[in-house]
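The lines below spell out each chain.
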Amino acid sequence: MSLKFVEKLEILKKNAADTSYIGLDDMKTEGAFTWHDDHTVIQDELKPKLFNPGEPNNGVNEEDCVNFEPGNDALNDVTCSDVNYYICEKTCFYF
């Protein structure tokens, strides 16, 4: 698993209190989950390590957004119209 995914998942596990969108979706190409910040795509072999068992499943052909579920410490594909919190990444500058 790449360092980027390990770091992001560990941050989510330690800090996310509620189910939240995380800036990952497959809106452009079904099954190609892409990060909003740098457009990298999660490789297929990593999905079982990141997602809940049986996910992503694109339920009812409308699950294009991804959220983090703190109780499971894993990702789930959901409809983008679900009401959830958002977790955003921000660059920190040190002087």
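Since the model is a prediction, treat every value here as computed from it, not as a measurement.

K.L.:
Could you give an account of the side chain of Ser20, naming the residues involved and the relevant values?
P.N.:
By secondary structure assignment, the location of Ser20 is in strand 1 (residues 20–25). A relative accessible area of 5% means that Ser20 is categorised as buried. At 2.9 Å, the side chain of Ser20 and the backbone oxygen of Asp18 are in polar contact. Dropping the residues within four chain positions of it, Ser20 is found in contact with Val66, Asn67, Phe68, Asn84, Tyr85, Tyr86 and Ile87.

K.L.:
Provide a residue-level description of the nonpolar core, including the pertinent values.
P.N.:
If you look at the biggest cluster of nonpolar residues, it comprises 15 residues, and the most contacted ones within it are Ile22, Leu24, Ile42, Leu50, Val66, Phe68 and Leu75. If you list the elements that add at least two residues to this core, you get helix 1 (3–15), strand 1 and strand 3 (65–69). Per element, the largest residue contribution to this core is 3 residues, and it comes from helix 1. Leaving out residues up to four positions away in the same chain, Ile42 has contacts with Phe5, Leu24, Phe33, Trp35, Lys47 and Leu50.

K.L.:
Describe the environment of Leu12, with residues and values.
P.N.:
In this structure, Leu12 sits in helix 1. Along the backbone, Leu12 and Gly54 are 42 residues apart, and their C-alpha atoms lie at a distance of 20 Å. Look past the residues within four positions of Leu12 in its chain and what remains in contact with it is Ile22, Phe68 and Ile87.

K.L.:
Can you break down the packing of aromatic side chains residue by residue, with the values?
P.N.:
A complete count under the given rule lists 2 aromatic pairs for this structure. Taking the centre distance of 5.1 Å and the plane angle of 40 degrees together, the rings of Tyr21 and Tyr86 count as tilted. Residue Tyr21 is found in strand 1, and its partner Tyr86 is found in strand 5 (residues 85–86); the two are separated by 65 residues along the sequence. Ring geometry for Phe33 and Phe51: centres 5.2 Å apart, planes at 50 degrees, overall tilted. A residue pair is termed long-range when its members are at least 10 positions apart, and Phe33 in the loop between strand 1 and strand 2 (34–35) and Phe51 in the loop between helix 2 (47–50) and strand 3 qualify at 18 residues. Across the pair, Phe51 and Phe33 agree in class, each one buried.

K.L.:
Can you lay out unusual backbone geometry for me, pointing to particular residues and giving the numbers?
P.N.:
Keep in mind that most residues, glycine aside, have a negative phi and that most peptide bonds are trans. That bond from Glu55 to Pro56 is cis: its omega, -10 degrees, falls within 30 degrees of zero. Looking at where Pro56 falls in the secondary structure, it is placed in the loop between helix 2 and strand 3. Despite not being glycine, Asn58 shows a phi value in the positive range, around 50 degrees. With respect to the helices and strands, Asn58 occurs in the loop between helix 2 and strand 3. For Asn61, which is not glycine, the phi dihedral falls at a positive 55 degrees. Tracing the backbone shows Asn61 in the loop between helix 2 and strand 3.

Conventions we followed
Residues numbered from 1 in each chain as written. Predicted model: local features only at pLDDT ≥ 70, side-chain atom pairs only at ≥ 80, totals over all residues. Heavy atoms only, no water. Helix = DSSP H or I, 4+ residues; strand = E, 2+ residues; numbered from the N terminus. Buried < 20%, exposed > 50% of the residue type's maximum accessible area, 1.4 Å probe, protein only. Polar contact = N/O pair within 3.5 Å; in protein donor to acceptor, adjacent residues only side chain to side chain. Contact = heavy atoms within 4.5 Å. Core = buried A, V, L, I, M, F, W, Y, C linked by side-chain atoms within 4.5 Å. Phe/Tyr/Trp six-rings, centres within 6.5 Å; stacked < 30°, edge-to-face > 60°.

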